[in-house]
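Working through the structure, step by step
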Amino acid sequence: MADNSLAVSLDLGKLTIQDFMREFKAGKVSSKALTENFLALYNQDRESELPLNAFLEIYDDAVSLAEKADEERRQAEVAGTLDKLFEEKPLLGIPFAVKDNISVRGKHLTCSSKILQGYVAPYDATVISRLKSAGAIPLGRCNMDEFAMGSSTEYSIYGPTRNPVDRNCVSGGSSGGSTAAVAANQAVFGLGTETGGSVRLPASYCGIYGLKPTYGVLSRWGVVAYGSSLDQVGLLGRTPGDIGIPLGVLSGVDFYDDTSRDLPFKEELKKLEPLSGESMASLRIAIPRQFAEAKGLNRDVAKVFEQTKDWFSSKGAVLDIVDLPVLDSAIASYYVIALSEAASNLSRFDGVRYGARVDNGTGYDDLYVDTRSAGFGPEVKRRIIIGNYVLSEQFSGTCYKKGMTVRAKIQEEVSRLFENYDLILCPTCPTTAFKLGQKVDDPLEMYLSDLFTTFVNLARIPSLSVPAGRDSDNLPVGIQFAGAMFSDVRILRIAQTWENEHPYCGFPVCNGGAE
Ligand code: GLN
């Protein structure tokens, strides 16, 4: 069996799921070695001058679960049932990062908020129980913007998560913790959540892949709600395959989530093949004018976007500029809807049922007000106030209903576009990662980071942020491959074609930032 020493090995940190499973099955590496390697990298980072602050906690049973996986493998080898074991448990022994808003039974869950301090999840979210059944190991809890509200992972009671590529920059948010952990090789893959870009945006800033699947494809059971009609679990990985394999395990109807749906062609995710040359040449790609010509689009991001378009053209794909004026209203519609749903969802944090409580003994009304005043951070309070204002009887007609009308129009126009096109191509974000502290006091500026991501959530379509290049400061640039509802597998196959020709984009840290 492989050496289980604690030595920091970058090669172990860089293994893809497919590589690890092959080597593990052959007995050349153990889950314990892999897990301890991540712990060593995590500990080494904590001691560094500017720690990432990606993991808030490493689960105390991670190593023993890895030992259990090793033992399971050993017994199967003796019994001659290795094939069966690896068929049943396609993620056996693989450690993954968990965002702090996803329930892991017996573990703390705080949404990086004071109000949930001390709360322990009493059950596993469906995404966690499915990963556990497939043999994967929850490695630890990762930092996020409080209640997933933000675009930089700076609105957290635990302080910001730094960008592994440039530690003076933000990691992006709100799933910045799990993203930075994966980008810095502290986990194989990560779970994040999306309401309006929170997986794709940090993926873009940190130089890895981030998928927001079709709405409903991953169950939301056990995930703390922000804006329920938009919320979606998402996946982070250094290669399309590291996203595809967990997606295949996780997707499917869940009794506990009425919005859950199965994913067609998911058998193809077991071994993600690139799209054939012929299929690439037949792709029709739409470039919304509203994004290509957006004010505030950084020059370097625009350049990488041009290069990505050229790559598609070189494959024979047809690229057309399309006009979708309704996209200009996506961000306004998103914030009206997300904040209204948030105000309603967050009313459950009352100091009685979950987490921290401030009780001065002056009655229930005071307990409610005092707990919420002390427990929520300023950004969350701002959103609850705006959301309740939007929903108030006086304004719901002018704000909320208008937001919903715009959303319906976005859904309609985007799905009509996919009658003639296979893909929408656009940058994930107008800029690359910005400096820590740069936008934290300017909520409007922060909201504008979401300019290109929110239409995807409103339209409920899948979109993958692909690490497509670097800016002049060597910061990663992500480009989105967005497709029609339930085209998740095809998007990942297109990304696999990309990855085969740009294999270093996914390893911004290990290769020292080289292209
Ligand atoms: N940045 C967006 C917001 O603050 C998106 C957050 C998310 O997707 N969870 O609402």
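Each value, and the rule that gives it
Residues numbered from 1 in each chain as written. Predicted model: local features only at pLDDT ≥ 70, side-chain atom pairs only at ≥ 80, totals over all residues. Heavy atoms only, no water. UniProt positions renumbered as here; feature names shortened; annotations may be inferred. Near = heavy atom within 4 Å. Polar contact = N/O pair within 3.5 Å; in protein donor to acceptor, adjacent residues only side chain to side chain. Areas by Shrake-Rupley, 256 points an atom, 1.4 Å probe, with all protein chains shown as cover. Nonpolar A, V, L, I, M, F, W, Y, C, P; charged D, E, K, R; others polar. Helix = DSSP H or I, 4+ residues; strand = E, 2+ residues; numbered from the N terminus. Salt bridge = Lys/Arg side-chain N within 4 Å of Asp/Glu carboxyl O. Buried < 20%, exposed > 50% of the residue type's maximum accessible area, 1.4 Å probe, protein only. Pairing = 2+ DSSP bridges. Axes fitted to C-alpha atoms, helices over the stretch in contact; angles between N-to-C directions. Contact = heavy atoms within 4.5 Å. Expected span 1.5 Å × (residues − 1). Arc of directions from axis to C-beta. pLDDT = per-residue confidence, 0-100.

The name recorded for the protein in an unreviewed UniProt entry is Glutamyl-tRNA(Gln) amidotransferase subunit A, from Candidatus Gallitreponema excrementavium. Quoted straight from UniProt, the Function (unreviewed entry) entry for the protein says "Allows the formation of correctly charged Gln-tRNA(Gln) through the transamidation of misacylated Glu-tRNA(Gln) in organisms which lack glutaminyl-tRNA synthetase. The reaction takes place in the presence of glutamine and ATP through an activated gamma-phospho-Glu-tRNA(Gln)." Word for word, the UniProt comment on the protein under Subunit (unreviewed entry) is "Heterotrimer of A, B and C subunits."

Examining the site of the ligand
The local shell around the ligand holds 15 residues, among which Thr195, Gly196, Ser198, Tyr226 and Tyr334 are the closest. At 2.9 Å, a backbone N or O of Gly150 approaches an oxygen atom of the ligand. Residue Tyr226 places a side-chain N or O atom 2.5 Å away from an oxygen atom belonging to the ligand. When isolated, the ligand has an accessible area of 290 Å², and the protein chains bury 100% of it. Taken together, the residues that form the shell around the ligand break down as five nonpolar, seven polar and three charged.

Observations regarding the UniProt feature "domain: Amidase" (unreviewed entry) in the protein
Residues annotated in UniProt with the feature "domain: Amidase" (unreviewed entry) correspond here to residues 52–492. Note that residues 52–492 is 37% helix and 14% strand, and that its end C-alpha atoms are spaced 28 Å apart.

Here we look at the pattern of salt bridges
Following the criterion strictly, the structure yields 34 salt bridges and no others. In this structure, Arg220 engages Asp257 in a salt bridge whose closest nitrogen and oxygen atoms are separated by 3.7 Å. Of this pair, Arg220 sits in the loop between strand 5 (209–212) and strand 6 (232–237) while Asp257 sits in the loop between helix 9 (240–250) and helix 10 (277–281), placing them 37 residues apart in sequence. Across the pair, Asp257 and Arg220 agree in class, each one buried. The closest approach of N and O atoms between Arg493 and Glu268, which form a salt bridge, is 3.3 Å. Here the residue Arg493 occupies a position in helix 19 (residues 488–501), and Glu268 occupies one in the loop between helix 9 and helix 10, the gap between them amounting to 225 residues. Exposure remark for Glu268: the relative accessible area of 30% places this residue in the partly exposed category. A cluster of three or more residues bridged by salt bridges with shared partners is formed by Asp19, Arg22 and Glu23.

Concerning the sheet that holds strand 10 (residues 463–470)
Spatial strand order, 1-3-2-4-6-5-10-11-9-7-8: eleven strands in an open sheet with mixed pairing. Edge positions in the open sheet fall to strand 1 (55–58) and strand 8 (318–322), since each of these has one partner strand only. Strand-to-strand twist across the sheet, computed as the mean angle between neighbouring axes with direction ignored, equals 30°. Pairing geometry for strand 7 (residues 284–288) and strand 8, over five bridges, is parallel. Within strand 8, the residue paired with Ile287 across the bridge is Ile321. Of the strands in this sheet, strand 1, strand 2 (95–99), strand 3 (137–142), strand 4 (189–194) and strand 6 are in contact with helix 7 (residues 176–183), which crosses strand 4 at around 155°.

Some words on helix 12 (residues 299–314)
Note: α-helices contain 3.6 residues per turn, so residues at a spacing of three or four share the same orientation. Spanning 16 residues, helix 12 covers 22 Å between terminal C-alpha atoms, matching the ideal 22 Å at 1.5 Å per step. The set of residues buried in helix 12 consists of Val301, Val304, Phe305, Thr308, Lys309, Trp311 and Phe312. The buried side chains of helix 12 occupy one side of the element, clustering within an arc of 155° when seen end-on. Summarising the geometry of helix 12, the exposed residues directed more than 90 degrees from the buried face are Arg299, Lys303 and Ser314. Remark: Gly316 follows helix 12 within two positions and exhibits a positive phi of approximately 95°.

Things to note about the confidence of the model for the protein
One rule of thumb: low pLDDT means the predicted coordinates there are not for detailed reading. Across the protein, the average pLDDT comes to 93, with 96% of residues at or above 70. A low-confidence stretch, residues 1–7 stays under pLDDT 50, and its non-local contacts, those more than four residues away or across chains, total 18 contacts. Every residue in residues 506–515 is under pLDDT 50, and counting partners more than four places away or in other chains gives 23 contacts.

Concerning helix 14 (residues 364–375)
Given a rise of 1.5 Å per residue, twelve residues ought to cover 16 Å, and the 16 Å separating the end C-alpha atoms of helix 14 matches this to within 8%. Every buried residue of helix 14 is accounted for by Leu367, Thr371, Arg372 and Gly375. Projected down its long axis, helix 14 shows its buried positions confined to an angular sector of 115°, all on one face. Buried positions along helix 14 lie against helix 15 (378–391).

Topic: the UniProt feature "active site" (unreviewed entry) in the protein
Mapped onto this numbering, the UniProt entry gives "active site" (unreviewed entry) at Lys99, Ser174 and Ser198. The largest pairwise C-alpha distance within this set of annotated residues, which runs over 100 residues, is 11.0 Å, so the set is compact in three dimensions. Counting through the fold element by element, Lys99 comes out in strand 2. Lys99 sits in the buried class, given a relative accessible area of 0%. Aside from chain neighbours lying at most four places away, what touches Lys99 is Cys142, Met144, Ala148, Ser174, Ser175, Ser178, Leu191, Gly192, Thr193 and Ser198.

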